[in-house]
Amino acid sequence: MNRPGRDDAPDRLYTITQGRSRTDPDSPFDLVTLVVAESKPVTGMQSEHVAILRMTEFPASVAEIAAELKLPVSITKVLLCDLLAAGRVSARHPHRPAITDPDILEQVLVGLRNL
């Protein structure tokens, strides 16, 4: 009997991650980390891992991967850590140029105050 509001997804998520719900504190993944596949999927891989490898033939962020898989970000990070440990993906953070020129920062501050 199905009860209204009951969701069987937690069972599925538990199975996908083999009971793991968190990544290591030193995990390199956050929402904007770009993930790139380093290998092709092989026979016998978990379907979510295969989907991630296909998705990341071109760089994709963790948020994009989670949205495409329709999985919580925390579960996606666990799957990505598996692939990273196996050397199947690489992770890198987008490069942002640091603004260190005080004149530019002052101009931004003046502009914000004028709003």
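Scroll up to find the structure this text is about.
The structure presented is a predicted model; accordingly, all values stated were derived computationally and were not measured.

Some remarks on the side chain of T56
Within the fold, T56 resides in the loop between α2 (47-55) and β2 (60-61). For T56, a relative accessible area of 0% corresponds to the buried category. Each residue touching T56, except ones within four places of it in the same chain, is listed here: V35, V36, A37, I65 and V89.

Remarks on the sheet that holds strand β3 (residues 89-92)
Taken in spatial order, the three strands of this open sheet run β2-β1-β3, and their pairing is antiparallel. Of all strands in the sheet, those bounded by a partner on one side alone are β2 and β3. Here strand β1 (residues 34-37) runs beside β3; their pairing, made up of four bridges, is antiparallel. Its bridge partner lying in β3, V36 is registered against S90.

Some words on the packing of helix α3 (residues 62-69) against helix α4 (residues 73-85)
How two helices pack is summed up by the angle between their axes together with the distance between the axes. Running from N to C, α3 and α4 point in directions that differ by 105 degrees, and their axes come no closer than 9 Å. With respect to their mutual orientation, α3 and α4 come out roughly perpendicular. Residue-level contacts link V62, I65 and A66 of α3 to V73, T76, K77 and L80 of α4. A class-by-class count of the residues in the contact of α3 with α4 yields five nonpolar, one polar and one charged.

About the thresholds
Residues numbered from 1 in each chain as written. Predicted model: local features only at pLDDT ≥ 70, side-chain atom pairs only at ≥ 80, totals over all residues. Heavy atoms only, no water. Helix = DSSP H or I, 4+ residues; strand = E, 2+ residues; numbered from the N terminus. Buried < 20%, exposed > 50% of the residue type's maximum accessible area, 1.4 Å probe, protein only. Contact = heavy atoms within 4.5 Å. Pairing = 2+ DSSP bridges. Axes fitted to C-alpha atoms, helices over the stretch in contact; angles between N-to-C directions. Parallel < 35°, antiparallel > 145°, perpendicular 65-115°, else oblique. Nonpolar A, V, L, I, M, F, W, Y, C, P; charged D, E, K, R; others polar.

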